[in-house]
Amino acid sequence: MKVRLWGTRGSVGTSGPSSARYGGNTSCVEVQADDGTRVILDAGTGIRALGATLGPETGRVDVMLSHLHMDHVQGLGFFRPLDQPGQEVHLWGPPALRQPLEKRLHRYLAPPLFPVRLCEMPCDLHLHEFPSEPFRIGGLTIQVAMVCHPGPTVGLRIEADGTSLAYLPDHEPCLGPGELPQEPDWTSGFDIARDVDLLIHDSQFGCHQYHRHVGWGHCTLDHALGFAAMTGARRLLTFHHDPRHDDNALDTLLAEACARQSPRFEVIPGREGMLLELVR
Amino acid sequence: MVAIDRLAAYEARQNNAPHGSGNATPGRSPGHTPTGSRQPIPLRPGPAQKPVELILTRQLAGYVDVATLLFDAALSLVFYNDAAAALLGRSFESTGPLTAPQRQMTLGLGSAAQDPVALAVSDNTPAHGHMTLRTFDATMVEVACTVVPMRGQTGESVGAVAYLWPVETR
């Protein structure tokens, strides 16, 4: 299974030389099984460049939205496959009893916020709300679960070719249990992330920032390390970097958190453009 | 769990980055099978995680000074806060979770026939009433009890939350 990071920034895109190494595009990750099955996780601004690589020979395209906050959907309007007549595109999003996914997406993809309505896109568009049971797309098995973040938000677990990853880009796991790691059964996202080979996880805040942002749906690098240790993840990839943190700040925050926590697993700083290959 | 021998993690070359040459992962025709085919994903044995709705309600219960009890979909008492501990005479840490029969027997919180939690969950409607509660030190306390069933965004029952207020008796 191959994993490519097209956007790792949280909240809002950044630009400029000070954030060039980690990148400035917001959340977008491409996952591809060995049989070629591809899913795209989130449609932040990073999805624009990804869409440019998908030509007319591309088969079905699946985009899975962890939630509908702007930094996770902003790139949708600029995702080329949506503008390709007949291109089969499947958009997946979290369920919400009171409003179907189409209506929620139209709040952005319609005037006055965007000139073209989602329903006017020329592609062959299919909308799905995530089922609560695991499901398969080609060689990928996908399971979602609601996680702690404002508004309906899912974390995803993807398995293929004997490998597994969990994607929790926006997640506040210490709501409920308090400190991490303490109570797995009371920790949001635990079942999704249990024993995965690669955990892609929110690591937005430094410790000094979190106390002012409790309940905002994000966590610190220390929380991410604690959550990864609790779940038994083999590797943690830091993600959803705070736009206030430049490259040097992110290096420093990660080094300090690792010095405090001494993780027994590999910690990978999530950088835009990075390609990882999970090998059985 | 399948053992992983190695992980090849490397940054794409500068000219291979998404905003660079565009030489990204090759676009292959995936040959998808239809969605909806389902298979269970085996997980390491361990405690099952509570639904996030219960987790968030516990977070709220930790902040409010109203006796609050949480029940899972099986109607077990899975948490109560400090205000409830003051009313019941024992902390949750010392009692741990109680199954529906255990709480009915220990606290008298509903009988097997008229369990307000079970009624609220099965009818998917709030239940409210006055009742006599037996605390852990066997004191009888009159309380007003409101039970609110909880459903997730897919409509499934995830349990219930009960609020208790002591009632002045003459």
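These numbers were taken from a predicted model, which means no experiment stands behind them. (Residues numbered from 1 in each chain as written. Chains lettered and ligands numbered in written order. Predicted model: local features only at pLDDT ≥ 70, side-chain atom pairs only at ≥ 80, totals over all residues. Heavy atoms only, no water.)

1. Side note on the overall build of chain B
Along its length, chain B carries five helices and six strands. Sequence-ordered secondary structure for chain B, helices as α and strands as β, is β-α-β-β-α-α-α-α-β-β-β. A burial count over chain B gives 44% of its 170 residues as buried. On chain B, roughly 9,300 Å² of surface is accessible, and the fraction owed to carbon and sulfur atoms is 54%. (Helix = DSSP H or I, 4+ residues; strand = E, 2+ residues; numbered from the N terminus. Buried < 20%, exposed > 50% of the residue type's maximum accessible area, 1.4 Å probe, protein only. Areas by Shrake-Rupley, 256 points an atom, 1.4 Å probe, with all protein chains shown as cover.)

2. Some thoughts on the sheet that holds strand E7 (residues 135-137) of chain A
Neighbouring strands of a sheet are bound in pairs by backbone hydrogen bonds; such pairs are parallel or else antiparallel. Residue and element names in this part refer to chain A. Spatially, seven strands are ordered E7-E8-E9-E10-E11-E12-E13 in an open sheet, and the strand pairing comes out mixed. This sheet does not close on itself; its edge strands, each paired only once, are E7 and strand E13 (266-268). Taken pair by pair, the neighbouring strands of this sheet meet at an average axis angle of 20°, ignoring direction. In the sheet, E7 pairs with strand E8 (residues 140-146) via three bridges, with the strands oriented antiparallel. Looking at the pairing, Ile 137 lines up with Leu 140 of E8. (Pairing = 2+ DSSP bridges. Axes fitted to C-alpha atoms, helices over the stretch in contact; angles between N-to-C directions.)

3. Focus: the environment of Met 1 of chain A
All names here are of chain A. Tracing the chain through its elements places Met 1 in the segment before strand E1 (2-7). The exposure class of Met 1 is buried, given its relative accessible area of 1%. Note: C-alpha distance between Met 1 and Ser 188 (187 residues apart in sequence) is 25 Å.

4. Looking at helix H4 (residues 100-107) of chain B
Residues and elements named next belong to chain B. Regarding H4, the residues found buried are Ala 100, Arg 103, Gln 104 and Leu 107. One face of H4 carries all of its buried residues, which in axial projection span an arc of 105°. Those residues of H4 that are exposed and angled more than 90 degrees off the buried face are Pro 101 and Met 105. Residues of H4 that are buried in the fold lie against strand E2 (67-71), strand E3 (77-80), helix H2 (82-88), helix H5 (116-123) and strand E4 (127-134). (Arc of directions from axis to C-beta. Contact = heavy atoms within 4.5 Å.)

5. Re the nonpolar core
Residue and element names in this part refer to chain A. Within the largest apolar cluster, 73 residues are counted, with the highest numbers of intra-cluster contacts made by Met 64 and Ile 142. In this structure, Ile 142 is in contact with Val 39, Met 64, Glu 133, Pro 134, Phe 135, Ile 137, Leu 156, Arg 157 and Ile 158, ignoring residues within four places of it in sequence. Counting 26 residues, the second-largest nonpolar core is a separate cluster that includes Cys 219, Leu 221, Met 230 and Val 267. (Core = buried A, V, L, I, M, F, W, Y, C linked by side-chain atoms within 4.5 Å.)

All quantities given are derived from atomic positions and should not be read as evidence of function.
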